[in-house]
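Commentary on secondary and tertiary structure
These are the residues of each chain, in order.
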Amino acid sequence: MPHHHHGHEHHHDVDNIKTAFFLNIGFTIVEIVGGIYVNSVAIISDAIHDLGDSLSLGVSWYFQKISHRGRTNTFSYGFRRFSVLSAIINSVVLLAGSVFILVETIPRLLHPEQPNAQGMIILSVLGVIVNGAAVLKTRKGKTVNEKVVSLHLLEDVLGWVAVLIGSIVMSLTDFPILDPILSLLIAGYILFNVFRNLKTSLKIILQSIPPEIDTIELEKQLKKIQNINQVHDMHTWTMDGNYHVMTLHLVLAKGVDLVAGAEIKAQARAILKAGDIDHVTIELESPEEHCDLEDC
Ligand SMILES: [Zn+2]
Ligand SMILES: [Zn+2]
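Described below are features of the structure shown in this document. (Residues numbered from 1 in each chain as written. Chains lettered and ligands numbered in written order. Predicted model: local features only at pLDDT ≥ 70, side-chain atom pairs only at ≥ 80, totals over all residues. Heavy atoms only, no water.)

Before going further, it helps to spend a moment on the overall build of the protein. When helices and strands are tallied, the protein shows 8 helices and 3 strands. What you see in the protein, going N to C, is helices and strands ordered as α-α-α-α-α-α-α-β-β-α-β. The globule rule puts the C-alpha radius of gyration for 296 residues at 19 Å, and the 25 Å found for the protein is more than 25% above it. Taking the principal axes of the C-alpha coordinates as reference, the protein spans close to 85 × 40 × 35 Å. For the protein, long-range pairs separated by at least 24 residues make up 74% of all intrachain contacts whose partners lie at least 6 apart in sequence. In the protein, 22 positive and 31 negative side-chain charges are present, and the distance between their average locations comes to 5 Å. (Helix = DSSP H or I, 4+ residues; strand = E, 2+ residues; numbered from the N terminus. Rg over C-alpha atoms; globule rule 2.2 N^0.38 Å. Contact = heavy atoms within 4.5 Å. Lys, Arg positive; Asp, Glu negative; His and termini not counted. Charge placed at Lys NZ, Arg CZ, Asp CG, Glu CD.)

Listed as protein donors to the zinc ion (ligand 2) are His-232 (NE2), His-249 (ND1), Glu-285 (OE) and Cys-291 (SG); their distances from the metal cover 1.9 to 2.1 Å. Each of the 4 donor atoms bound to the zinc ion (ligand 2) contributes to angles spanning 88 to 118 degrees, and the resulting shape is tetrahedral. Sequence spacing of the donors to the zinc ion (ligand 2): H-x16-H-x35-E-x5-C. Placement of the pair is His-232 in strand S1 (residues 228-238) and Glu-285 in strand S3 (residues 279-285), with a sequence separation of 53 residues. (Donors = N, O, S within 2.8 Å, 3.2 Å for Na, K, Ca; no water. Tetrahedral: all angles 85-135°; square planar, octahedral: opposite > 155°, others 65-115°.)

Before going further, it helps to spend a moment on the coordination of the zinc ion (ligand 1). With distances of 1.8 to 2.7 Å, the protein atoms coordinating the zinc ion (ligand 1) are His-49 (NE2), Asp-53 (OD), His-152 (NE2), Asp-156 (OD) and Asp-156 (OD). One chain supplies every donor to the zinc ion (ligand 1), and in sequence these donors are spaced H-x3-D-x98-H-x3-D. A residue pair is termed a helical-turn pair when its members lie 3 or 4 positions apart in one helix, as His-49 and Asp-53 do in helix H2 (residues 41-66) at 4 residues. Across this residue pair, the class does not change: His-49 and Asp-53 are buried. (Buried < 20%, exposed > 50% of the residue type's maximum accessible area, 1.4 Å probe, protein only.)

Within this structure, the stated rule accounts for 5 aromatic pairs. Members of the aromatic cluster, connected to one another through ring pairs, are Phe-75, Phe-79 and Phe-82. A cation over a ring is seen here: Arg-80 above Tyr-243, with NZ or CZ 3.8 Å from the ring centre. (Phe/Tyr/Trp six-rings, centres within 6.5 Å; stacked < 30°, edge-to-face > 60°. Lys NZ or Arg CZ within 6 Å of the ring centre and 35° of its normal.)

Taken together, the side chains of Leu-55, Leu-85, Ile-89 and Val-93 make up a nonpolar region of the molecular surface, amounting to roughly 320 Å² of accessible area. Turning to its location among the elements, Leu-85 is positioned in helix H3 (residues 82-110). (Patch = residues over 30% accessible without salt bridge, like charges linked within 9 Å, V, L, I, M, F, W, Y side chains within 5 Å. Areas by Shrake-Rupley, 256 points an atom, 1.4 Å probe, with all protein chains shown as cover. Salt bridge = Lys/Arg side-chain N within 4 Å of Asp/Glu carboxyl O.)

Shown next, in the form of structure tokens:
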């Protein structure tokens, strides 16, 4: 998941992610081994889900470590876009994981096998505790990203609660088909998230305008600046979902010199900064000037 960072928060956040990563990957291994041992496809499905969470945590940890490197001769924007590539790889891993779950689960719908329900109860209580602790730790976050992460973790807790209830029922009654049913529900949840994340990542790669940027409103505000005649060739995209870039041409009124132009440019930058654009490139034009991109 991409994160946005400023100065002193940096090390603290990296440490939080590092801790979360090791907790998650450790717990994932316990779940996979435990799931095979208690013969439960529901536990294995939840383990695959947590493997995906661990991967994205590991990736954000790595990218926060290298993000300070900034631009290089090969990558003039630095390494921000790399996090989108990792998100796509992560989605592909989860897609393969879901296919694996379905291959394991569907035969069990036809011929249910009794899992070790007591063992499932222990593993799902552990799941509720580990994910619940993570919710409590992230609940106070203020940024949109922190809220999304916290909500996701809360959904994970609910998933484990469902497995816990299912295993209690299976320990009391002879109803082994509940295990593959829970597994299918979890696979559905994984696939829903995969397609949502893939859509977001692909829109970033395809240079779409970030949904939170209102370019029509920004253009309206820019046109209100005194001595701006026209705004054209406005392009907006995002590097990673957090860091937004814009290029545009501003046509000045007749007779406005470069000194006055610099003041107008500063006003335009202030408007765009308030509109959540992090990186602005402005081309100033005089009204007499011919521009090939005028109609863009
Ligand atoms: Zn999760
Ligand atoms: Zn132009």
